[in-house]
Amino acid sequence: MATPSYSLPDAPRAQSVALPAGQLGEQPAATQSPNGADTQDAGQGTPQQTSTQDQTLSHIGGTILDTNGDTVPRATILLEGPGPADRQTSTGDDNGAFQFGGLRPGIPYRITINVVDFETWKSETIVLTPGQFYFLPDIKLNVSSSPTSVTVYASQDEIATQEVRLEEKQRIFGIIPNFYVTYDPHPVPLTTKLKFRLAYKASTDPVTFFGVAFLAAIYQAGDIPNYGQGWNAYGQRVGAGILDTTTDIFFGGAIYPWMFHQDPRYFYQGTGTKKSRALHAMASPYVCRGDNGKSQPNYSSLLGDLTSGAISNLYYPESNRGAGLLFEGFAITTGVRTVDSLVQEFILRKLTPTAKHRN
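Residues numbered from 1 in each chain as written. Predicted model: local features only at pLDDT ≥ 70, side-chain atom pairs only at ≥ 80, totals over all residues. Heavy atoms only, no water.

Further remarks concern the pattern of salt bridges. For the structure on display, the rule yields 14 salt bridges. For Asp70, the salt bridge is made with Lys169, and the minimal N-O distance between the two is 2.3 Å. Taken together, the residues span a long stretch of sequence, with Asp70 in the loop between β4 (65–66) and β5 (76–80) and Lys169 in the loop between α2 (156–167) and β13 (171–172) at a distance of 99 residues. As a salt-bridge pair, Glu168 and Arg197 come within 2.9 Å of each other at their nearest N and O atoms. One end of the pair, Glu168, is in the loop between α2 and β13; the other, Arg197, is in helix α3 (residues 192–204), with 29 residues separating them in the sequence. By sharing partners, the salt bridges in this structure join Glu163, Glu167, Asp263 and Arg265 into a single network. (Salt bridge = Lys/Arg side-chain N within 4 Å of Asp/Glu carboxyl O. Helix = DSSP H or I, 4+ residues; strand = E, 2+ residues; numbered from the N terminus.)

Looking now at α2. Since there are 3.6 residues in each turn of an α-helix, residues three or four apart along the chain are aligned in direction. Here α2 is twelve residues long and its end C-alpha atoms lie 16 Å apart, about the 16 Å a rise of 1.5 Å per residue gives. Listed in full, the buried residues belonging to α2 are Ala160, Glu163, Val164 and Glu167. Along the long axis of α2, the arc covered by the buried residues comes to 100 degrees, so they all point the same way. (Expected span 1.5 Å × (residues − 1). Buried < 20%, exposed > 50% of the residue type's maximum accessible area, 1.4 Å probe, protein only. Arc of directions from axis to C-beta.)

Here we take up the environment of Gly270. Along the chain, the position of Gly270 falls in the loop between β16 (266–267) and α6 (274–283). Counting along the chain gives 76 residues from Gly270 to Phe346, while the straight-line C-alpha distance between them is 7.8 Å. Those residues in contact with Gly270, other than ones at most four positions away along the chain, are Arg277 and Glu345. (Contact = heavy atoms within 4.5 Å.)

Attention shifts here to the packing of α3 against helix α5 (residues 231–260). At their nearest, the axes of α3 and α5 sit 9 Å apart, and the two run at 180 degrees to each other. Classified by the angle between their axes, α3 and α5 sit roughly antiparallel to one another. Contacts between α3 and α5 pair Thr192, Lys195, Phe196, Ala199, Tyr200, Ala202 and Ser203 from the former with Ile249, Phe250, Gly253, Ala254, Ile255, Pro257 and Trp258 from the latter. Considered class by class, the residues forming the contact of α3 with α5 number ten nonpolar, three polar and one charged. (Axes fitted to C-alpha atoms, helices over the stretch in contact; angles between N-to-C directions. Parallel < 35°, antiparallel > 145°, perpendicular 65-115°, else oblique. Nonpolar A, V, L, I, M, F, W, Y, C, P; charged D, E, K, R; others polar.)

A few words now on the packing of aromatic side chains. One pair of aromatic rings is described through two measures. These are the centre distance and the angle between the planes. All chains considered together, the criterion is met by seven aromatic pairs. On the numbers, 5.9 Å between centres and 85 degrees between planes, the contact of Trp231 with Tyr234 is edge-to-face. With Trp231 and Tyr234 both in helix α5, this residue pair falls three residues apart, about one helical turn. Accessibility expressed as a relative area gives 75% for Trp231, which makes it exposed. Taken together, the aromatic side chains of Phe251, Tyr256, Phe260 and Tyr299 make up a single cluster linked through ring pairs. Across the ring face of Phe267, the terminal group of Arg289 is positioned such that the distance to the ring centre comes to 4.2 Å. (Phe/Tyr/Trp six-rings, centres within 6.5 Å; stacked < 30°, edge-to-face > 60°. Lys NZ or Arg CZ within 6 Å of the ring centre and 35° of its normal.)

Within the largest apolar cluster, 20 residues are counted, with the highest numbers of intra-cluster contacts made by Ile60, Ile64, Ile111 and Ile113. Among the elements of the structure, β5, β7 (97–103) and β8 (108–114) are those that each provide at least two residues to this core. Ile60 has contacts with Leu79, Gln99, Phe100, Leu103, Tyr109, Ile111, Ile126, Leu128, Tyr134 and Leu136, leaving out every residue within four places of it along the chain. Core analysis: the second largest hydrophobic core is formed by eleven residues, Val164, Phe179, Val188 and Ile249 among them. (Core = buried A, V, L, I, M, F, W, Y, C linked by side-chain atoms within 4.5 Å.)

Once that is clear, we can look at the packing of α6 against helix α8 (residues 323–346). In the contact formed by α6 and α8, the axes pass within 8 Å of each other and the chain directions differ by 140 degrees. Classified by the interaxial angle, the pair formed by α6 and α8 is oblique. Relative to α8, the crossing made by α6 is right-handed. Across the interface between the two elements, Lys274, Arg277, Ala278, His280, Ala281 and Met282 from α6 touch Thr338, Ser341, Leu342, Glu345 and Phe346 from α8. Here the residues of the contact of α6 with α8 are counted per class, giving five nonpolar, three polar and three charged. (Left-handed = near helix turned anticlockwise from the far one by under 90°.)

Taken together, the side chains of Phe214, Leu215, Ile218, Tyr219 and Ile224 make up a nonpolar region of the molecular surface, amounting to roughly 500 Å² of accessible area. Note on placement: Leu215 falls in helix α4 (residues 206–222). (Patch = residues over 30% accessible without salt bridge, like charges linked within 9 Å, V, L, I, M, F, W, Y side chains within 5 Å. Areas by Shrake-Rupley, 256 points an atom, 1.4 Å probe, with all protein chains shown as cover.)

Taken together, the three strands give an open sheet; going across it, the order is β7-β3-β11, and neighbouring strands pair in mixed fashion. Of all strands in the sheet, those bounded by a partner on one side alone are β7 and β11 (133–136). Put simply, the sheet's adjacent strands are angled 15 degrees from each other on average, direction ignored. As defined by bridge partners, strand β3 (residues 58–63) adjoins β11 across four bridges and the pair is classed as parallel. When the bridges of β11 are listed, Gly62 appears paired with Leu136. (Pairing = 2+ DSSP bridges.)

So, in structure tokens, the structure goes:
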């Protein structure tokens, strides 16, 4: 059977269509399919979308410290760029940390930090690279040297806590504890909690233990107390020294001050004639300041020394016990306190880095 033949009709000629001005750019883009057919985006599916998020934006952050290495919380941080849109303000958190994000790279920025009682800090010009997180190094604020007027709304307990924090950082040559002295001309009374806190800090400081061990070696050479010689005797002297120090600090610096409402600290005078300062220092073992701000007999210190000496009768050798030795030791300890107070008034502030420039 013959196969019928068919002829295809001729393809229509291409026609030109005139578009109104302005519509040419609004037509959907056509793409070529794999089989050669033209397809438009709207009719044949959506092409893969390109992310609109700008991955080139940069960040600046840092941690604000003072010259002692302590964090400075709640500072005001100003970021400035070449235009108004590049200006941001932030507040540091309680740990002194801050961060600015979404910053344009390739343009100059500067950071300015302000906080009460500190000098203004300004950074060098910072130019960021795309996607960079720049951490500002060495942000250390200096305490303001200019006089300022500050209205204090803190309670006395809060002020006392701040005073003790400063005192806990006082160290002779930056090493030896110098906690039981206040250089504030108008200190507030310590709470009971702060009296015990200061005693705990002083009695558990590592330098205190090294001092006891050193004195034990000297006492070993002089055979005082009469424990004998050898490592066992040295260990007994170290143990006795630790107990002596702990009981003296806690009874004289916390327990009795709590009972008699007295302040166990030495109040640095620093002004006046040398004679008045010397008399002030020599009187301190016998006269103290009460929590009411008035001078009164220093029951805390005197009874603290007597109590510590009485307790030592429980662990000292029998030849070193008794009322006579107790009061002899008390007299020596009180005399040493008088000398310590004179040294405190005239010398130690100059050797205590965190205190010698404090007003």
